[in-house]
Amino acid sequence: QVSAFSDETPSTEALLRAVSSEFDRVIENNRLKAKNRDCIRDAAVDGDACLYIWYDPDRAQGSFSTGEIVAEVIENTNVYFGNPQVEDIQRQPSILIARRVMLEEARKEALSFGGDPESIHSDDDPNGINRQLEHGKVTTLLRFWKQDGVVWFCKVCKNAVLRPPVK
């Protein structure tokens with residue numbers, strides 16, 4: 001539900017309805033209610049859960065000409081905190097998210113940010129399971145950190161930078 005901080009006028013009511021409608025669309029497109037249930041189950045079984053939400057400028061859907069909000073459930077074993085003894089997420093020095101992606105996806109991302117796609121090669125699943133499903137994939141690390149109060153991130157794999165640091 002979206003509401004105004006001050007008195008609502010007819011124009012702000014129309015704006016609030018539009019924003020609320022857009023939220024509903026994003027929730028529906030991402031199957032966010034089902035993903036929230038998955039997170040609740042993960043938290044009940046494993047003790048915690050992670051829902052990674054980001055803006056993908058390459059997706060074109062809905063009323064925007066480009067870009068889409070994307071949500072993904074991340075296994076808690078693929079999230080690494082810079083200081084695991086600090087429970088306040090805002091005080092973490094850094095956060096790493098490990099993901100397995102298709103080799104071509106990683107190469108395409110590196111190329112789009114000026115990297116060398118030929119330096120990226122598929123690797124084995126570090127856990128040694130699901131070998132048939134893991135063929136042609138590469139492990140990427142997405143790192144978040146704060147610098148001067150601003151969140152920065154970069155994405156790397158074993159031999160290459162897929163996305164250089166950006167705020």
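Residues numbered from 1 in each chain as written. Predicted model: local features only at pLDDT ≥ 70, side-chain atom pairs only at ≥ 80, totals over all residues. Heavy atoms only, no water.

Draft legend 1. Representation of the pattern of salt bridges. Tallied over the entire structure, the rule returns eight salt bridges. Residue arginine 25 is joined to glutamate 68 by a salt bridge in which the shortest nitrogen-to-oxygen separation is 3.2 Å. Here the residue arginine 25 occupies a position in helix H1 (residues 10-29), and glutamate 68 occupies one in strand E2 (residues 68-74), the gap between them amounting to 43 residues. Neither residue differs from the other here; arginine 25 and glutamate 68 are each classed as buried. A salt bridge links glutamate 72 to arginine 99; its shortest N-O distance comes to 3.1 Å. Of this pair, glutamate 72 sits in strand E2 while arginine 99 sits in strand E4 (residues 94-102), placing them 27 residues apart in sequence. Each member of the salt-bridge network shares a partner with another, and the members are Glu22, Arg25 and Glu68. (Salt bridge = Lys/Arg side-chain N within 4 Å of Asp/Glu carboxyl O. Helix = DSSP H or I, 4+ residues; strand = E, 2+ residues; numbered from the N terminus. Buried < 20%, exposed > 50% of the residue type's maximum accessible area, 1.4 Å probe, protein only.)

Draft legend 2. Structural detail: the confidence of the model for the protein chain. Of the residues in the protein chain, 92% have a pLDDT of 70 or more, and the chain-wide mean is 89. Between the elements of the protein chain, mean pLDDT differs from a low of 71, seen in helix H4 (residues 131-134), to a high of 96, seen in strand E6 (residues 150-156). (pLDDT = per-residue confidence, 0-100.)

Draft legend 3. Structural detail: the sheet that holds strand E5 (residues 137-147). Judged by pairing direction, the sheet is antiparallel, and its five strands sit side by side in the order E3-E4-E5-E6-E7 without closing on themselves. Every interior strand has two partners, whereas the edge strands, strand E3 (79-81) and strand E7 (161-166), have only one. Pairwise comparison of adjacent strand axes, ignoring direction, gives a mean angle of 20° for this sheet. The sheet contact formed by E6 and E7 spans three bridges and is antiparallel. (Pairing = 2+ DSSP bridges. Axes fitted to C-alpha atoms, helices over the stretch in contact; angles between N-to-C directions.)

Draft legend 4. Representation of a nonpolar patch on the surface. Residues Leu15, Val19, Phe23 and Ile27 make up a contiguous nonpolar surface patch of about 340 Å² in total accessible area. When you line up the elements, isoleucine 27 lands in helix H1. (Patch = residues over 30% accessible without salt bridge, like charges linked within 9 Å, V, L, I, M, F, W, Y side chains within 5 Å. Areas by Shrake-Rupley, 256 points an atom, 1.4 Å probe, with all protein chains shown as cover.)

Draft legend 5. Here's a closer look at the nonpolar core. Judged by nonpolar contacts, Val101, Leu103, Ala106, Ala110, Ile120, Val138, Cys157, Ala160 and Leu162 together constitute the single largest core of nine residues. Setting aside chain neighbours within four positions, we find alanine 106 in contact with Val101, Ile120, Val138 and Leu162. The next biggest cluster of nonpolar side chains, apart from the first, holds seven residues, and it includes Ile74, Val79, Ile95 and Ile97. (Core = buried A, V, L, I, M, F, W, Y, C linked by side-chain atoms within 4.5 Å. Contact = heavy atoms within 4.5 Å.)

Draft legend 6. Structural detail: the environment of glutamate 13. Structurally, glutamate 13 can be placed in helix H1. Residues glutamate 13 and glutamate 28 lie 15 residues apart in sequence; the distance between their C-alpha atoms is 22 Å.

Draft legend 7. Helix H3 (residues 103-112), seen in detail. Among all positions of H3, only Leu103, Ala106, Arg107, Glu109 and Ala110 are buried. Taken around the axis of H3, the buried residues stretch over an arc of 160°, which confines them to a single face. Looking at H3, the residues exposed on the side facing more than 90 degrees away from the buried face are Glu104, Lys108, Leu111 and Ser112. On its buried face, H3 is in contact with E4, E5, E6 and E7. Of the residues trailing H3, glycine 114 is marked for its positive phi of about 85°. (Arc of directions from axis to C-beta.)

Draft legend 8. Spatial organisation of the packing of aromatic side chains. Counted under the stated rule, the structure contains four aromatic pairs. Ring geometry for tyrosine 52 against tryptophan 54: centres 4.7 Å apart, planes inclined by 20°, an arrangement best described as stacked. In this structure tyrosine 52 comes out as buried when scored by relative accessible area, which is 13%. The class for tryptophan 54 is partly exposed, based on a relative accessible area of 22%. Look at phenylalanine 144 and phenylalanine 153: their rings are 6.1 Å apart centre to centre, the planes differ by 35°, and that puts the pair in the tilted class. A residue is classified by how much of its surface remains accessible, and phenylalanine 153, at 22% relative accessible area, is partly exposed. For arginine 143, the ring lying beneath its charged end belongs to tryptophan 145, and the centroid distance is 4.4 Å. (Phe/Tyr/Trp six-rings, centres within 6.5 Å; stacked < 30°, edge-to-face > 60°. Lys NZ or Arg CZ within 6 Å of the ring centre and 35° of its normal.)

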